[in-house]
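# Chains, contacts and geometry: an overview
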Amino acid sequence: IEVNLCRVWHSSLIESFFAIAAPYFLNSPAPKTVKLGDNLLLPCHVNGRPAPTVKWFKKNVLITGSTHSHISIDAQTHDLTIHAIDAMRDTGVYSCSAVNDVGSVNRVYNLTLLCRQRTLLKCSYV
């Protein structure tokens, strides 16, 4: 009986050890063009073990509900949605940061006004 218990403990220890992974992105989004007034979804699909803590920043400032009431963040997918896009308020650099005990990863989005068509915004990621 002692040998079997030891094997079970050893197996679970090995599984736990190999289940550790730094955060990584699950996809690469394509650049988008959106009309002013539309909603824009910025994906941040990440995985890692232990599960990473995900935070969004605009121009290196943490986005919170109190500072950006027109922005929502999905608690499950970590996607950020900018509601009713406005050129003056919403252009700039956005970043999704995922951190766990093993490492970190960042994705940066640049939201810019297209000069030729003042009703469109271009979103690209770096």
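Here the structure is a predicted model, which means the values were calculated and not measured.

## Observations regarding the pairing of strand β9 (residues 92-99)
The element β9 is largely enclosed, with a buried count of six among its eight residues. Connecting β9 to the next strand, strand β10 (residues 104-113), in antiparallel fashion are four residues.

## Here we look at the nonpolar core
One finds L40, L42, C44, W56, L80, I82 and Y94 to be the most contacted residues of the largest nonpolar core, which totals 19 residues. Contributions of two or more residues to this core are made by β3 (40-42), β5 (53-58), β8 (80-82), β9 and β10.

## Re the pattern of salt bridges
Close approach of charged atoms allows side chains with opposite charge to pair. The full count for this structure, using the stated rule, is one salt bridge. Residues R89 and D90 are paired through a salt bridge, measuring 3.0 Å at the closest nitrogen-oxygen approach.

## What to know about unusual backbone geometry
Residue P50 is reached from R49 by a cis peptide bond, and omega for that bond is 5°. Turning to its location among the elements, P50 is positioned in the loop between β4 (46-49) and β5. Backbone geometry places N60, a non-glycine residue, at a positive phi of 65°. Looking at where N60 falls in the secondary structure, it is placed in the loop between β5 and β6 (61-62). Taking the relative accessible area as the measure of exposure, N60 reaches 73% and is therefore exposed.

## Looking at the environment of K35
Mapping K35 onto the fold places it in strand β2 (residues 32-35). Separated by 49 residues in the primary sequence, K35 and A84 have C-alpha atoms spaced 9.2 Å apart.

## So, the sheet that holds β8
Pairing in this open sheet of three strands is antiparallel, and the strands run β3-β8-β7 from one edge to the other. The open sheet has two edge strands with one neighbour each: β3 and β7 (71-73). In this sheet, adjacent strand axes meet at a mean angle of 20° when their direction is disregarded.

## Focus: the confidence of the model for the protein
Note: predicted coordinates in regions of low pLDDT should not be interpreted at a detailed level. For the protein, mean pLDDT is 82; residues scoring 70 or higher make up 75% of the total. Throughout residues 1-15 the model reports pLDDT below 50, and contacts reaching past four residues in sequence, or to other chains, amount to zero contacts.

About the criteria used
- Residues numbered from 1 in each chain as written.
- Predicted model: local features only at pLDDT ≥ 70, side-chain atom pairs only at ≥ 80, totals over all residues.
- Heavy atoms only, no water.
- Buried < 20%, exposed > 50% of the residue type's maximum accessible area, 1.4 Å probe, protein only.
- Helix = DSSP H or I, 4+ residues; strand = E, 2+ residues; numbered from the N terminus.
- Pairing = 2+ DSSP bridges.
- Core = buried A, V, L, I, M, F, W, Y, C linked by side-chain atoms within 4.5 Å.
- Salt bridge = Lys/Arg side-chain N within 4 Å of Asp/Glu carboxyl O.
- Axes fitted to C-alpha atoms, helices over the stretch in contact; angles between N-to-C directions.
- pLDDT = per-residue confidence, 0-100.
- Contact = heavy atoms within 4.5 Å.

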